[in-house]
Amino acid sequence: MLRVIAFLAVAAAAEHVREFAVRENARAGTLVGHLGDELPDAAPPYTIVPVPGSAVNDDLKIDPHTGEIRTRLPLDRESRDHYALVAIPASGDNVRVVVRVLDENDNAPTFPTPVMNVEFSENTPRDVKRKLNPARDQDLGAFNTQRYNIVSGNTENAYRLSSHRELDGVLYLDLQINGFLDRETTDHYELVIEALDGGTPPLRGTMTVNITILDVNDNPPVFAESAYSATIPENATIGTTVLRVSATDSDAGENGVIEYSINRRQSDKENMFKIDPGTGEVTVNKALDFETKELHELVVVARDKGAQPLETTAFVSIRVTDVNDNQPTIDVIFLSDDATPKISESAQLDEFVARISVHDPDSKTEYANVNVTLSGGDGHFDLRTHDNIIYLVVVALPLDRESRSTYTLNVVATDKGSPPLHASRIISLRVTDVNDNPPVFLEDVYRASVPEAAAPGTPVLQLSAADADEGENSEVRYTLAPTPQSDWFSIDERSGLVTTRARVDCETNPMPRLTVVATDRGAPPLSSTATLLVTVLDVNDNEPIFDQSFYNVTVPESEAVGSCILKVSHFRSKFKCSLIPPNRAIAPKGRYCELNK
C-alpha cells in the first residue's frame, strides 16, 4: 500500500500552507490527504482555485465539500513534479496547498547513442582514459544511474571502466586501458556496456563501444620532471615568466611534436596562469594576490600531434610570496546601550566609549605589526590599550552637551610594512543629554493688567521659559503656585498663557501676586519660578449705600419752612478713583483706584 506523507505549516499572513506528497504511478483514486486536517478554522466547504498551469483539475480530484484530495490518474513525476492550488473555506483563513509527486524507479538509464566509436593507439599507456557518453536517468537520487559494467567483448580484460559524479548529478563514464594493447593481435574490440540504476531490481540500458586500435604513435610525451615548483611575488605583472616545463617524445614527425596546455578542468579554473603551447613557458595571466591564494597547483598536459594524440601530465606548484599591498582594517564596536556612537554628558573620566580592533591581511598573525592612534575631540577622549591587541576609546575630560554636542574622532591604523600602509576610520560621536539645566524665564518679574469686569478665560499674559537641555529634558510645563487670589487665574501648562479663571475684584485685591512655576520633564525634573503682578482695573460695579437703612426724626410743628430736619449720607465703595498719577497702573478712562482712608 502506498504511503502518503502530509506536512502542515501555518503561514504568518492569515493563510495556512499545507504540503502533501504522493508517489508517482499510484493508481487512480489514491488518497492524497484532506485539506482541513488539523485546521479547525478552515473547515469545508472550499472553493478550489488551481494555480494557472498546474493541471490540478486534470490530474487531481478534490471534493470541495469534504476537502478530500485523490488522484484522477497515475501521476508522472518526470512530467510534473508538483501541483499547486488555493482552497478558500467558507470561513477562516485560506489554505495554500502544494502536492508533491514522489519519485518511483520507472525510468531506465539511457545512453545518448546506442553505438560509440573509440580509437586507441596500440601502445597507449595503461590507465589512459577515454571519456564515454554517460547514461542519463530521469529518476532522482538512488533511482538515478549508479554504476556501469562491461557486459561482453572485453577480450583478455583489456579495459576497465571508471566513473565519477559531478555537480549536475550525471554519473560520467571513462574507459580506461587495463592492460597492454597489440594491434597485431587484436585490432578491434566491441564492448557492450550497461548502465544500472539503484532500483530493486535495477533498471538498465546498454551501449556498444567499437574500439579501433591504431598502429601509429606508440610513444607518449615524457616530462623531464614529474613535478615542478616555483615562487613568484604577488605584485608580479601580467606576462611575467614563472618557469618552463619540458617534455620529450621519441616518435618522429608530427607524432613527436609536443603541444602544452593546462588542464582547466582539474586545475587553475580561474586562468591565473597560461602556458605557451610550443615552448612550455608558464607566465602570469592575471593579477595575483597572496591574501586570496598563496599556493597554485597546476596540472600541465603535454600532448603530441599524432593522429591519435598521446598525452601526459605534470604537476606544477607555484607559491606566491607576500608584499605589503593591503592596508589594515579597523573594526569599531560602540559600547553604548544600543551600540551606536554616543556617550552621555554625565560620563565619568575613563568611561569606555568604543572598542577598536585592527587586522592586517598581509600578516598571518592577527593584530600584529599595526600601530593605532586617535586624533580629534580636543582632548576629551583618549585611546588606551594594555596589549596592543584591543584598544579602548575612553573619556579623558568632562563633557557638556550644551557646550558641544558632537565630536569627530579619527582612528588611524598603520602597519609596519615598507612602505607602511594605513587605514583610517572617522567616528562622529554624539553627546547625549542629561537633565542638568532648569528652565529659565526671560524675566524675574512680569507685570500685566486686567479689568475687573473681564470674563473667565480672558488672556492676561503669556510667559515663556527656555531649557538648554534637549528632548524631554527641555520640555517645559507651567503651573501656578498657590498664593492669595491665585484661584482667580489659570495657566496653560504647555503655552504658558495666563488667563482668568473667575471674575477678579479690584475691591478685594487690586494687584494679585502670582508665582509661575516652570518645570521640565527630566528625571528628576528641574524647575524655576517667576513673579507675575496683575493690576486689576476698577469699573463702576457697586451701587451707593446709605450709612443706615432707617432714619427716625421728630419735627416740632412750629418748625419754619426750609429748616434742616435731617442730614443723610451714602458711599459707593471703600475705594475711590482719581486721575492717573505717575507710575500708576492704567485703568479705564484714565482712572485708578486706591483705598479711601
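Residues numbered from 1 in each chain as written. Predicted model: local features only at pLDDT ≥ 70, side-chain atom pairs only at ≥ 80, totals over all residues. Heavy atoms only, no water.

- The name recorded for the protein chain in an unreviewed UniProt entry is Cadherin domain-containing protein, from Iphiclides podalirius.
- One UniProt comment on the protein chain, placed under Subcellular location (unreviewed entry), says "Membrane". (UniProt positions renumbered as here; feature names shortened; annotations may be inferred.)

### A short note on the overall build of the protein chain
Point 1. Summing up its helical and strand segments, the protein chain has 1 helix and 45 strands in all.
Point 2. In summary, the protein chain has a C-alpha radius of gyration of 51 Å against a globular reference of 25 Å for 597 residues, an excess of more than 25%.
Point 3. Across its three principal directions, the C-alpha atoms of the protein chain cover 190 × 80 × 35 Å.
Point 4. Counting only residues that meet the buried cut, the protein chain has 38% of its 597 residues in that class.
Point 5. Within the structure as shown, the protein chain displays about 32800 Å² of accessible surface, and the carbon and sulfur contribution to it stands at 50%. (Helix = DSSP H or I, 4+ residues; strand = E, 2+ residues; numbered from the N terminus. Rg over C-alpha atoms; globule rule 2.2 N^0.38 Å. Buried < 20%, exposed > 50% of the residue type's maximum accessible area, 1.4 Å probe, protein only. Areas by Shrake-Rupley, 256 points an atom, 1.4 Å probe, with all protein chains shown as cover.)

### Description of the sheet that holds strand 10 (residues 129–132)
Point 1. Taken together, the 3 strands give an open sheet; going across it, the order is 10-13-12, and neighbouring strands pair in antiparallel fashion. Edge positions in the open sheet fall to strand 10 and strand 12 (159–165), since each of these has one partner strand only. Averaged over all adjacent pairs, the angle separating strand axes in this sheet is 30 degrees, with direction ignored. (Pairing = 2+ DSSP bridges. Axes fitted to C-alpha atoms, helices over the stretch in contact; angles between N-to-C directions.)

### A look at the sheet that holds strand 32 (residues 422–432)
Backbone hydrogen bonds are what pair the strands of a sheet, in a parallel or an antiparallel way.
Point 1. The mixed open sheet is built from 4 strands, whose spatial order is 26-32-31-28. Of all strands in the sheet, those with a lone pairing partner are strand 26 (342–344) and strand 28 (370–376), marking the two edges. Put simply, the sheet's adjacent strands are angled 25 degrees from each other on average, direction ignored.
Point 2. By the bridge criterion, 7 bridges tie strand 28 to strand 31 (residues 406–415) in an arrangement that is antiparallel. Pairing of Val 370 across the sheet is with Asp 415, part of strand 31.

### A short note on the UniProt feature "domain: Cadherin" (unreviewed entry) in the protein chain
Point 1. UniProt's feature table lists "domain: Cadherin" (unreviewed entry) at residues 14–111, 112–223, 224–330, 343–441 and 442–546, given in the numbering used throughout.
Point 2. Regarding residues 112–223, the helix share stands at 0% and the strand share at 50%, and the terminal C-alpha atoms are separated by 37 Å.

### Some thoughts on the pairing of strand 10
Point 1. Across the two faces of strand 10 the burial differs, with Arg 130 and Leu 132 buried and Lys 129 and Lys 131 not buried at all.
Point 2. Looking at chain direction, strand 10 and strand 13 (residues 171–177) are connected through 4 bridges and run antiparallel. Its bridge partner lying in strand 13, Arg 130 is registered against Leu 175.

### Comments concerning the packing of aromatic side chains
Point 1. Evaluation of the coordinates by the stated rule reveals 8 aromatic pairs.
Point 2. Ring geometry for Phe 441 versus Tyr 446: centroids 6.4 Å apart, planes at 70 degrees, classification edge-to-face.
Point 3. With a relative accessible area of 8%, Phe 441 lands in the buried category.
Point 4. Judged by its relative accessible area of 9%, Tyr 446 falls in the buried class.
Point 5. Here a set of aromatic residues connected by ring pairs shows up, and it is made of Phe 120, Tyr 159 and Tyr 189. (Phe/Tyr/Trp six-rings, centres within 6.5 Å; stacked < 30°, edge-to-face > 60°.)

### Quick word on the nonpolar core
Point 1. Membership of the largest hydrophobic core comes to 26 residues, with the highest contact counts inside it found for Phe 223, Val 242 and Phe 273.
Point 2. Looking at this core, the elements with two or more residues in it are strand 17 (227–233), strand 18 (241–244), strand 20 (258–262), strand 21 (273–275), strand 22 (281–284), strand 23 (295–304) and strand 24 (311–321).
Point 3. Residue contributions to this core peak at 4 residues, all from strand 24.
Point 4. Look past the residues within four positions of Phe 273 in its chain and what remains in contact with it is Val 242, Ile 262, Arg 264, Asp 268, Val 282, Thr 283, Val 284, Asn 285, Leu 288, His 296, Leu 298 and Ile 318.
Point 5. One finds Tyr 391, Val 395, Ala 413 and Leu 429 within the second-largest nonpolar core, a separate group that totals 25 residues. (Core = buried A, V, L, I, M, F, W, Y, C linked by side-chain atoms within 4.5 Å. Contact = heavy atoms within 4.5 Å.)

### Details of the pattern of salt bridges
Point 1. Tallied over the entire structure, the rule returns 21 salt bridges.
Point 2. Ionic pairing is found between Arg 204 and Glu 194, a salt bridge with its closest N-O pair at 3.1 Å. On the criterion of sequence distance, the pair formed by Arg 204 in strand 15 (residues 204–214) and Glu 194 in strand 14 (residues 188–197) is long-range, its members being 10 residues apart.
Point 3. Given the relative accessible area of 45%, Arg 204 is considered partly exposed.
Point 4. Residue Glu 194 is classed as buried on the basis of its relative accessible area of 11%.
Point 5. Here Arg 264 makes a salt bridge to Asp 268, at a shortest N to O gap of 2.4 Å.
Point 6. Using a relative accessible area of 28% as the deciding quantity, one classes Arg 264 as partly exposed.
Point 7. Residues joined by salt bridges that share partners form a network here, namely Arg 401, Glu 402, Asp 433 and Glu 470. (Salt bridge = Lys/Arg side-chain N within 4 Å of Asp/Glu carboxyl O.)

### Remarks on the side chain of Thr 30
Point 1. Tracing the backbone through its elements, the reader meets Thr 30 in the loop between strand 2 (15–23) and strand 3 (31–34).
Point 2. Exposure remark for Thr 30: the relative accessible area of 10% places this residue in the buried category.
Point 3. In this structure, Thr 30 is in contact with Val 22, Ile 69, Arg 70 and Thr 71, ignoring residues within four places of it in sequence.

### A closer look at unusual backbone geometry
Point 1. Cis geometry is found at the peptide bond from Thr 200 to Pro 201, where omega equals 0 degrees.
Point 2. Of note, the bond from Ala 523 into Pro 524 is cis; its omega dihedral lies within 30 degrees of zero at -5 degrees.
Point 3. Relative to the helices and strands, Pro 524 is located in the loop between strand 40 (513–520) and strand 41 (527–537).
Point 4. At Asn 271, a position not held by glycine, the phi torsion is positive, near 60 degrees.
Point 5. Tracing the chain through its elements places Asn 271 in the loop between strand 20 and strand 21.
Point 6. Classification of Asn 271 as partly exposed rests on a relative accessible area of 30%.

### Points about the environment of Asp 197
Point 1. Tracing the backbone through its elements, the reader meets Asp 197 in strand 14.
Point 2. Sequence separation between Asp 197 and Ser 162 is 35 residues, and the spatial gap between their C-alpha atoms is 16 Å.
Point 3. At a separation of 3.1 Å, a polar atom in the side chain of Asp 197 contacts the main-chain amide nitrogen of Gly 199.
Point 4. Here Leu 203 takes part through its backbone nitrogen, which lies 2.8 Å from a polar atom of the side chain of Asp 197. (Polar contact = N/O pair within 3.5 Å; in protein donor to acceptor, adjacent residues only side chain to side chain.)

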